[in-house]
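Residue-level structure breakdown
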Amino acid sequence: MQLQLATWPEVEAYLATSRTVIIPIGSTEQHGPNGMIGTDALTADAIARGVGEATGALVAPVIAVGMAQHHMAFAGSMTLRPTTLIALVRDCVVSLARHGFERFFFINGHGGNIATVTAAFSEIYAEASLGAAGNRAGLKCVLRNWWENSQVRSLSKELFANAEGGHATPSEVSLTWFLYPAHTKPMALDPPIAPYGSFADAHDYRRAFPDGRIGSNPGLSSVEAGKRIYAAAVDALTADYKSFAA
Ligand SMILES: [Zn+2]
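Residues numbered from 1 in each chain as written. Predicted model: local features only at pLDDT ≥ 70, side-chain atom pairs only at ≥ 80, totals over all residues. Heavy atoms only, no water.

1. Remarks on the overall build of the protein
When its secondary structure is counted, the protein shows 8 helices and 4 strands. For the protein, the sequential pattern of α-helices and β-strands runs α-β-α-β-α-β-α-β-α-α-α-α. For 246 residues, the compact-globule estimate of 2.2 N^0.38 gives 18 Å, and the C-alpha radius of gyration of the protein, at 18 Å, lies within 12% of that figure. Each of the three principal axes of the protein carries a C-alpha extent, and together these read 55 × 35 × 30 Å. Of the roughly 11200 Å² of accessible surface on the protein, 56% is carried by carbon and sulfur atoms. Here the protein contributes 18 positively and 21 negatively charged side chains, and the mean placements of these two sets differ by 3 Å. (Helix = DSSP H or I, 4+ residues; strand = E, 2+ residues; numbered from the N terminus. Rg over C-alpha atoms; globule rule 2.2 N^0.38 Å. Areas by Shrake-Rupley, 256 points an atom, 1.4 Å probe, with all protein chains shown as cover. Lys, Arg positive; Asp, Glu negative; His and termini not counted. Charge placed at Lys NZ, Arg CZ, Asp CG, Glu CD.)

As C-alpha cells, this is what we get:
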C-alpha cells in the first residue's frame, strides 16, 4: 500500500496490524552521459513499491533529493547539505512515529546518502537515549542499499563483471531503462570503462571523472538486464523486510 494513495482510515487500520513502514530514499544527480538524473530516486522508489506489493507493507513517498554535493559540477544535479538531510530524515521519521509507527525500513538508492542517513538515525536514537523526547523511545531504523545483497551482487557480476564500477553503473542504468523504456539511451562510451578513484568536492570530482562515471561502463545497459536486477533486488529486500518487521 502506498501512503500517498491511502486514506487516513486505511492508515489507521494498517497500524492495527503493523508498526513498520518502508521509506525509499534516493538522489537527483548526474548519472554519466546516458543515465537519468533521477536514477537513484527512481530505482529506490520502484524497488520499495515492489517490496510493498510482495509484503503488504506501507510505502512512504520517496525522498528524492539526497546528499550529492560531489555531483554539483554537472548540470541538473541537486543536493541537500548533510545537516539538511539529517533534519529531513528525522522529521519524516518523527512525523510517522507520531501516528504509532515504530520501525522504519529505508530502501536507499544512493551511496552518498549512507553516512548522513546513518547520522540521522543516531540523532533520532539520541533524543530517546537522552530522555528529551518523551514518547519516542523504542524507534528502530535500518538503511538497506538495494545493490548490497548477495542476489544483486552476484547478478551484477554475472552480467557486467568489472564494468559494473561504482557510479552510473550498468546495473542501475539498466534498472531505470526497464522502468522507463521510452528513455533508454544506448551509447558506446570512451573509454569503455571509466577511471576509478577518490574525490572531495564537486570540482575535484569533475576533474577526476570528466563524464561523471566512476569505474563503470553503462554502455552495456539493457532493459532485459534491468528486469532481472529489479526482480533480484525486490526478492532480496522482501526477505530482509519480513525479518525486520517480524
Ligand atoms: Zn546512482
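2. Focus: the coordination of the zinc ion
Distances from the zinc ion to its protein donors, His-31 (NE2), Asp-40 (OD) and Glu-172 (OE), fall at 1.9 to 2.2 Å. Spacing between the donor residues of the zinc ion along their common chain follows H-x8-D-x131-E. One exposure class covers both His-31 and Asp-40, and it is buried. (Donors = N, O, S within 2.8 Å, 3.2 Å for Na, K, Ca; no water. Buried < 20%, exposed > 50% of the residue type's maximum accessible area, 1.4 Å probe, protein only.)

3. Structural notes on the nonpolar core
Of all hydrophobic cores here, the largest spans 51 residues; its most connected members are Phe-104 and Phe-106. Top element by residues in this core is helix α8 (residues 223-245). It accounts for 8 residues. (Core = buried A, V, L, I, M, F, W, Y, C linked by side-chain atoms within 4.5 Å.)

4. Re α8
Look at α8: 32 Å from first C-alpha to last across 23 residues, which is about the 33 Å you get at 1.5 Å a residue. Those residues of α8 that sit buried are Ala-225, Gly-226, Ile-229, Ala-232, Ala-233, Val-234, Ala-236, Leu-237, Thr-238, Tyr-241 and Phe-244. (Expected span 1.5 Å × (residues − 1).)

5. Some remarks on the sheet that holds strand β2 (residues 58-59)
Sheet strands pair by backbone hydrogen bonding; their relative direction is either parallel or antiparallel. With parallel pairing, 4 strands are arranged side by side in an open sheet as β2-β1-β3-β4. Strands at the two margins of the open sheet, each flanked by one partner only, are β2 and β4 (140-145). Bridging between strand β3 (residues 103-108) and β4 involves 6 bridges; their strand directions are parallel. Its bridge partner being in β4, Asn-108 is matched across the sheet by Asn-145. The sheet strands contacting α8 are β1 (20-25), β3 and β4, and the helix crosses β3 at an angle near 165 degrees. (Pairing = 2+ DSSP bridges. Contact = heavy atoms within 4.5 Å. Axes fitted to C-alpha atoms, helices over the stretch in contact; angles between N-to-C directions.)

6. With respect to the packing of helix α2 (residues 39-55) against α8
One way to put it is that α2 packs onto α8 with a least axis distance of 9 Å and a crossing angle of 55 degrees. The orientation of α2 relative to α8 falls into the category oblique. Crossing handedness for the pair α2 and α8: right-handed. Within the contact between the two elements, α2 uses Ala-46, Ile-47, Gly-50, Val-51, Ala-54 and Thr-55 and α8 uses Tyr-230, Ala-233, Val-234, Leu-237, Thr-238, Tyr-241 and Lys-242. Its residues assigned to classes, the contact of α2 with α8 comprises 9 nonpolar, 3 polar and 1 charged. (Parallel < 35°, antiparallel > 145°, perpendicular 65-115°, else oblique. Left-handed = near helix turned anticlockwise from the far one by under 90°. Nonpolar A, V, L, I, M, F, W, Y, C, P; charged D, E, K, R; others polar.)

7. Observations regarding the layout of surface pockets
Considering only enclosed or pocket space, the largest pocket measures out at about 530 Å³ in volume. In this structure, the largest pocket is lined by 27 residues; those nearest its centre are Gly-111, Trp-147, Gly-166, His-167 and Thr-169. Looking at which element gives the most residues to the lining of the largest pocket, the answer is helix α5 (residues 150-160), with 3 residues. Taken together, the residues of the lining of the largest pocket break down into 8 nonpolar, 14 polar and 5 charged. (1 Å grid on protein atoms, 1.4 Å probe; cavity = no way out; pocket = protein on both sides within 12 Å on 5 of 7 lines; lining within 4 Å. Points joined across faces, edges and corners; volume = space filled by probe spheres on them.)

8. Topic: the packing of aromatic side chains
Within this structure, the stated rule accounts for 10 aromatic pairs. Residues Phe-105 and Phe-244 carry aromatic rings whose centres are separated by 5.6 Å and whose planes lie at 45 degrees to one another, so their mutual orientation is tilted. Here the residue Phe-105 occupies a position in strand β3, and Phe-244 occupies one in helix α8, the gap between them amounting to 139 residues. Here Phe-105 and Phe-244 have matching classes, each one buried. When the ring of Phe-199 is compared with that of Tyr-205, the centres are 5.0 Å apart and the planes differ by 65 degrees; the resulting orientation is edge-to-face. Look at Phe-199 and you get partly exposed, because its relative accessible area is 33%. (Phe/Tyr/Trp six-rings, centres within 6.5 Å; stacked < 30°, edge-to-face > 60°.)

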